[in-house]
Amino acid sequence: MFLAQIRAEDGTLQVVAREGTEAFVICNCASTYDLARDCANRGVTLKQRIATLGLGAAVDVEGALAQGRVLAPIHHPDPTQMYLSGVALNDTATDDNAGPFGPDWIYKGDGRAIGAPGMALLVSDFAPDSGTGPSVAAVYIVSDSGTPFRIGFAMANDFSDRILTTQSHAAVVQGRLRPLALGPEMVLATLPEGINGSLRLTRDAEAITDIAISTGRDNLEAAIARLERDHFASDSLCQPGQLHILVIALAQGITASASIGDTTTLTLSGFGLPLCNPLHHAPRGPDAPVQINAL
């Protein structure tokens with residue numbers, strides 16, 4: 001089952017469940033976040049709760065995507081309580097080979113850095129590079145009792161500054177504070193058996209980069225189990241109502257540098273509709289620094 005959030009033509013937010021080619025609005029459901037938190041507190045699965053709430057009108061998700069009405073599959077009503085973090089793993093990652101403390105944990109920002117499908121992702125003047133990497137985003141919510149629950153998975157375009165991250169270890173953090181685009185749909189339950197797809201960059205209506213992607217579920221799940229154990233070991237990341245997006249690179253070294261005006265398209269088998277985002281310019285550099293005031 002897939003979940004999506006769609007802006008109806010009258011402006012209201014609809015949560016949509018899709019199985020196969022048929023998609024329907026979930027009745028009495030204000031948002032994916034509200035649905036997930038309700039399930040975590042009740043101790044029921046998403047599918048069980050959706051069956052109880054019932055399904056309403058049919059929805060053309062693909063048509064809504066073409067019209068720019070599909071939002072990120074989940075959001076937090078308070079973006080500062082939505083934590084984005086990431087790690088880089090390859091297909092050989094296991095539960096034991098990442099060292100005593102696991103791989104480096106990287107903070108990517110809060111919910112304000114999330115980009116919806118089709119949304120322009122902004123590149124600032126001071127960024128020497130705009131690298132996009134195909135990733136899987138594991139999505140979690142913390143119940144009112146402080147227990148983390150995995151909601152599902154979405155594909156993600158993980159933007160980073162590869163030039164900046166090679167300058168020093170300290171620059172790695174700054175280089176990863178870039179937008180993160182989540183796929184149109186979030187898949188519930190386990191990862192697909194095999195993850196295949198492509199990362200394509202288009203410039204002036206012509207494909208300039210087309211990278212094939214192929215990986216397996218088993219190694220990724222082993223890595224995710226390790227990452228979850230490390231990530232939620234801190235009480236500060238187990239606070240009621242928090243939303244966590246943990247971004248995991250599908251394969252080491254699969255990235256592509258994009259330029260202003262390019263469009264990235266990520267397609268992954270088992271993750272629903274493709275994720276497309278153009279890159280736009282967001283001027284802010286040495287001539288317009290952030291003003292720091294004293295109290």
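Here the structure is a predicted model, which means the values were calculated and not measured.

A. Here's a closer look at unusual backbone geometry. A positive phi angle, close to 55 degrees, is found at Asn-28, a residue other than glycine. Along the polypeptide, Asn-28 turns up in the loop between strand E3 (22-26) and helix H1 (32-42). Phi at Asp-204 is positive, roughly 55 degrees, even though this residue is not glycine. Mapped onto the elements, Asp-204 comes out in the loop between strand E13 (194-203) and strand E14 (206-216).

B. A look at the pattern of salt bridges. Applying the stated criterion across every chain, the model contains 10 salt bridges. Where Arg-150 meets Glu-228, a salt bridge forms, and the shortest distance between an N and an O atom there is 2.8 Å. One end of the pair, Arg-150, is in strand E10 (residues 148-160); the other, Glu-228, is in helix H6 (residues 217-231), with 78 residues separating them in the sequence. A salt bridge links Arg-200 to Asp-210; the nearest nitrogen and oxygen atoms lie 2.6 Å apart. Here the residue Arg-200 occupies a position in strand E13, and Asp-210 occupies one in strand E14, the gap between them amounting to 10 residues. The exposure class of Asp-210 is partly exposed, given its relative accessible area of 45%. A single network of salt bridges, built from pairs that share partners, joins Asp-38, Arg-42 and Arg-49.

C. Fine view of the pairing of E14. Bridge analysis of E13 against E14 gives 10 bridges, and the strand direction is antiparallel. Paired with Leu-199 across the two strands is Ile-211, which belongs to E14.

D. Up close: the nonpolar core. By size, the foremost hydrophobic cluster in this structure holds 32 residues, and its most contacted members are Ile-26, Leu-35, Ile-74, Ile-151, Leu-180, Leu-243 and Ile-245. Ala-181, Leu-227, Leu-250 and Leu-266 belong to the second largest nonpolar core, which has 29 residues in total.

E. Region of interest: the layout of surface pockets. In this structure, the second largest pocket encloses a volume near 290 Å³. The wall of the second largest pocket is formed by 13 residues, among which Val-44, Thr-45, Leu-46, Arg-150 and Ile-151 lie closest to the centre. Secondary structure elements with two or more residues in the lining of the second largest pocket: H1, helix H2 (46-53) and E10. By residue class, the composition of the lining of the second largest pocket is 10 nonpolar, 1 polar and 2 charged.

F. Focus on H2. Within H2, burial applies to Leu-46, Arg-49, Ile-50 and Leu-53. Projection of H2 onto a plane perpendicular to its axis shows the buried side chains occupying an angular sector of 100 degrees, all on one side. Across H2 from its buried face, at more than 90 degrees, point the exposed residues Ala-51 and Thr-52. Two residues or fewer after H2 comes Gly-54, characterised by a positive phi angle close to 90 degrees.

G. Summary view of the packing of H1 against H2. Axis separation between H1 and H2 bottoms out at 9 Å; the angle between their running directions is 110 degrees. Taken together, H1 and H2 sit at an angle that is classed as roughly perpendicular. Note on element contacts: H2 touches H1 through Leu-46, Arg-49, Ile-50 and Leu-53, opposite Leu-35, Ala-36, Asp-38, Cys-39 and Arg-42. Of the residues that constitute the contact of H1 with H2, the class distribution is 6 nonpolar, no polar and 3 charged.

H. Molecular detail of the packing of aromatic side chains. Taken as a whole, this structure holds 1 aromatic pair when the rule is applied. Between Tyr-140 and Phe-232, the aromatic rings sit 5.2 Å apart at their centres with planes inclined by 70 degrees, giving edge-to-face as the arrangement. Taken together, the residues Tyr-140 in strand E9 (residues 131-142) and Phe-232 in the loop between H6 and strand E15 (243-249) connect sequence positions 92 residues apart. On the basis of relative accessibility, which here comes to 2%, the residue Tyr-140 falls in the buried class.

Scoring rules and cut-offs
Each residue is numbered by its place in its chain's sequence as written, counting from 1. Under the rules for a predicted model, residues below a pLDDT of 70 receive no local features and side-chain atom pairs below 80 are neither given nor counted, while totals for whole chains, interfaces and linings still include all residues. Side-chain measures were taken over the full set of non-hydrogen atoms in the model, leaving aside hydrogen atoms and water. Only DSSP runs of H or I covering at least 4 residues are called helices, and only runs of E covering at least 2 are called strands; the numbering of each starts at the N terminus. Should a side-chain nitrogen of Lys or Arg be within 4 Å of a carboxyl oxygen of Asp or Glu, the pair is scored as a salt bridge. Relative accessibility thresholds used throughout: buried, under 20% of the residue-type maximum; exposed, over 50%; partly exposed, between the two (1.4 Å probe, protein chains only). Strands are labelled as partners when DSSP assigns at least two bridges between them. Here, nonpolar core refers to any group of buried Ala, Val, Leu, Ile, Met, Phe, Trp, Tyr and Cys residues whose side-chain atoms link them within 4.5 Å. Site definitions follow a grid-based scheme: protein atoms alone, a 1 Å grid, a 1.4 Å probe that fits but cannot get out for cavities, and for pockets an open set with protein on both sides within 12 Å along at least five of seven lines, plus lining residues having an atom within 4 Å of a point. Grid points are joined across faces, edges and corners, and a volume is the space filled by probe spheres set on the points. Polar here means any residue outside two lists: the nonpolar Ala, Val, Leu, Ile, Met, Phe, Trp, Tyr, Cys and Pro, and the charged Asp, Glu, Lys and Arg; Gly therefore counts as polar. Arc definition: directions from the helix axis to the C-beta atoms. As a rule, the C-alpha atoms of each element are fitted with a line to give its axis, helices using only the stretch in contact, and angles between N-to-C directions run from 0 to 180 degrees. Orientation categories follow fixed angle ranges, with anything under 35 degrees roughly parallel, anything over 145 roughly antiparallel, 65 to 115 roughly perpendicular, and all other angles oblique. We call two residues in contact when some of their heavy atoms are within 4.5 Å. Only centres within 6.5 Å qualify two rings of Phe, Tyr or Trp (six-membered ring in Trp) as a pair; their planes then separate them into stacked at under 30 degrees, edge-to-face at over 60, and tilted for everything else.

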